[in-house]
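Coordinate analysis (summary)
Each chain, written out:
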Amino acid sequence: MDEQLKSELRRQGVVATSLQELYNWGRRSSLWPLNFGLACCAIEMIAATMARYDLARFGAEVFRPSPRQADLMIVAGTVTKKMAPQVVRLYNQMPEPKYVISMGACAISGGPFKQGYNVLKGIDRYIPVDVYIPGCPPRPEALIDAFLMLQKKIDEQYLTGPNRPRHLNADMPSEFVVPEFGTHDLVPTQNSEVWKAPLVNISIAGKNESGRD
Amino acid sequence: MSVLTDTPIDLTPDLPNDRSEGQLLEVSMGPQHPSTHGVFRMDVTLDGEKVVKLKPVFGYLHRNHEKIAENESYLGCMPYTDRLDYICSITNNWAYALAVETLAGIQVPERAEYLRVITGELTRLQNHAGLVGFLMQDMGASGTPLMYAFREREKVLDLFEALTGARMMCNYMRFGGCRVDVPSGWLQAAQKVIDGFPKFLDEFESLLMSNEILMARTQGVGVVTREQAINAGISGPMARASGVNYDLRKVDKYGIYDRFSFRVPLGEHGDVYDRYMLRVLEMRESIEILKQAMRDLPAGPIMDPNTKIRGFRPKAGEAYGRIEGPKGELGFYLISDGSPNPYRFRVRPPSLINLTLLEDMCLGQNVADIVIILGSVDIVLGEVDR
């Protein structure tokens, strides 16, 4: 059915839709985040739910304290190596379909504390992240923007076919390796199924014929 | 455990688990728990509803603050202090600036001192407002008081944003003064917020102060006696709620606090209710200070012209700078060896030291009271774990 006919029908009070659209609409309009704050960003996350920014306008006001009732994890703050196993465990306890927003510089890469010996350099080393919000801390508007981006992402998911999301594919994992404390670092230091080290192309100065790096 | 005992303190006494009258239950609260104010864990042993043992577990937000600071320049440490106690960044800046100024013997211009007092007291207002809201949330008044508190907090954050460019991580102070002067219209906006604040406090008090549920839940719960408070070294509103008359604004008179007339509220019972009321009264005194400071704000420079901020190398020595933060005595202890970065950078966090009495306060209480006792201590995990 083409879009023109659909909008014509809607004007007449008839809603024509596909199962995929209905399914995605239902899921994107009632995201239930996990009530879980780590550090500074958590205060901005709370501010986003309060009267001025009012996250409830986008169907995401029900913060659940239990991971069993939540389908969105907002990693809001610095993930230390002591906390990382708990974060992954909480993610594993959430039922599918589940999404992750990595809020703030610390959750993305370690941020200002990156050179610290106890700070994990990005939660995406252990769990798949859907939306990243930069900032230290990001404003509540940025968190709302991340919600809208995530809703758009959910809207575009297929129910069938090779591009269907993880929770509709029986072969894909829904639980990820929980790191353990090793002698020097977490073991494993990253989950290679989820995270690949970025390839950096470094040309050595002087070797390049053009004279430029 | 009691801090008054002379015998060595056994932090984790082994309790018999095979008693005839019933079994003890060990509950782990946190690190993911909606009422622990961050990633804080308590191993609680319960006898029915009663707490018989409580072991706090720290370190889930240990961000290596002190070690990172040893490799940063003195100026580079300033933004890190924002993230210590992330609710009140300006007072953290102030304590650090004071420590460096003591170390290098820097004088601060008059106008900068006034701006420090104004921003510092605004920080106290928004911290206490937020704390009272969170305490009500912990008590089960879900949403509404916190909404009211955050409404006021946002007004103060708007002022911070107009002044410093950031809502939370202000990075406002520099050693020798402040970073920027107030933009045009800021003082009028600030005056409006300050004048409107007592209305919020009246509203809050009429809604909550004599609320029966609030009194039943908080009075006589989590008592800290005067002796306990002094022996454990706790400071700030928590010590004053137990009747210890110790406010660094009166004791040290750092900055220009000797020019303002304000009272120091003191509690009598040292319970959760006193701690809650003390914060409300302190907000009223902060408004008095703010009114006087706004009235007397002089013109002039905001930075000491002789201070070289970049490439700053103080002489070898050590210094301790402390202020009355919203949570208690916040101190920075610096050792300089003449190099551009501190040799040792030590933070005296009020949250952590106020938390040392947690087990004493909770023993014998119901498990639901742990949550409000922890809420009334006013901790921020960024500062506890550093």
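As a convention, each chain's residues are numbered from 1 in the sequence order in which they are written. Whichever chain is written first becomes A and whichever ligand is written first becomes 1, with later ones labelled in order. Owing to the predicted nature of the model, reporting of local features is limited to residues with pLDDT of at least 70; listing and counting of side-chain atom pairs is limited to 80 or more, with chain, interface and lining totals taken over all residues. Each side-chain value is worked out from all heavy atoms of the structure, with water and hydrogens disregarded.

**Concerning the nonpolar core**
Membership of the largest hydrophobic core comes to 143 residues, with the highest contact counts inside it found for M73 of chain A together with Y86, Y96, L122 and Y276 of chain B. Put simply, DSSP H or I for four residues or longer makes a helix, DSSP E for two residues or longer makes a strand, and each gets a number counted from the N terminus. Per-element accounting of this core gives the leading share, 12 residues, to helix α4 (residues 110-139) of chain B. Residues from two domains meet in this core; each of domain 1 (25-54) and domain 2 (65-385) of chain B gives at least three. Residue contacts follow a heavy-atom distance rule, with two residues in contact if any of their heavy atoms lie within 4.5 Å. Excluding residues within four positions of it along the chain, Y276 of chain B makes contact with V132, L135, M136, F204, L208, M209 and L214 of chain B. Residue types Ala, Val, Leu, Ile, Met, Phe, Trp, Tyr and Cys, when buried and joined through side-chain atoms within 4.5 Å, form a set referred to as a nonpolar core. Type-normalised accessible area, obtained with a 1.4 Å probe on protein chains alone, sets the label of each residue: buried when under 20%, exposed when over 50%, and partly exposed for intermediate values. How far each domain reaches was decided by an automatic or database domain assignment.

**Examining the domain arrangement of chain B**
Interface size is commonly expressed as the accessible surface area that is lost when the partners come together. Residues and elements named next belong to chain B. Annotation of chain B at the domain level lists domain 1 (25-54) and domain 2 (65-385). Of note, the centres of domain 1 and domain 2, computed from C-alpha atoms alone, are 27 Å apart. Of the residues lining the interface, 16 residues belong to domain 1; the matching set on domain 2 comes to 18 residues. Defined in terms of a 1.4 Å probe, buried area is the accessible area two parts forfeit on being brought together, summed over both. Here domain 1 and domain 2 share an interface that buries about 1,500 Å² over both sides, 68% of which is from carbon and sulfur atoms. If you sort the residues of domain 1 by the area they bury against domain 2, H37, V51 and L54 come out on top, with a joint share of 41%. By salt bridge we mean one thing: a side-chain nitrogen of Lys or Arg within 4 Å of a carboxyl oxygen of Asp or Glu. Counting every contact that joins domain 1 to domain 2 gives zero salt bridges. What qualifies as a polar contact is a pair of N or O atoms within 3.5 Å, subject to a donor-acceptor requirement within protein and to the restriction that residues adjacent in sequence count only when both atoms come from side chains. Inspection of the region where domain 1 meets domain 2 yields five residue pairs in polar contact (both at pLDDT 80 or more).

**Thoughts on the sheet that holds strand β7 (residues 328-336) of chain B**
Across a sheet, paired strands are connected by hydrogen bonds in the backbone, their directions being either parallel or antiparallel. All names here are of chain B. Spatially, the three strands line up as an open sheet ordered β6-β7-β8, and their pairing is antiparallel. Each of the sheet's edge strands pairs with one partner strand only, and the pair in question is β6 (317-325) and β8 (344-348). For this sheet the average axis-to-axis angle between neighbouring strands, irrespective of direction, equals 10°. In this structure, β6 lies alongside β7, joined through nine bridges in antiparallel fashion. Within β7, the residue paired with G325 across the bridge is G328. Here an axis means a line fitted to C-alpha atoms, over the contact stretch when the element is a helix, while the angle between two N-to-C directions is reported on a 0 to 180 degree scale. Packing against the sheet, helix α3 (residues 89-104) makes contact with β6, β7 and β8, and its axis sits at approximately 150° to β6. Strands pair, by our definition, only if DSSP identifies at least two bridges between them.

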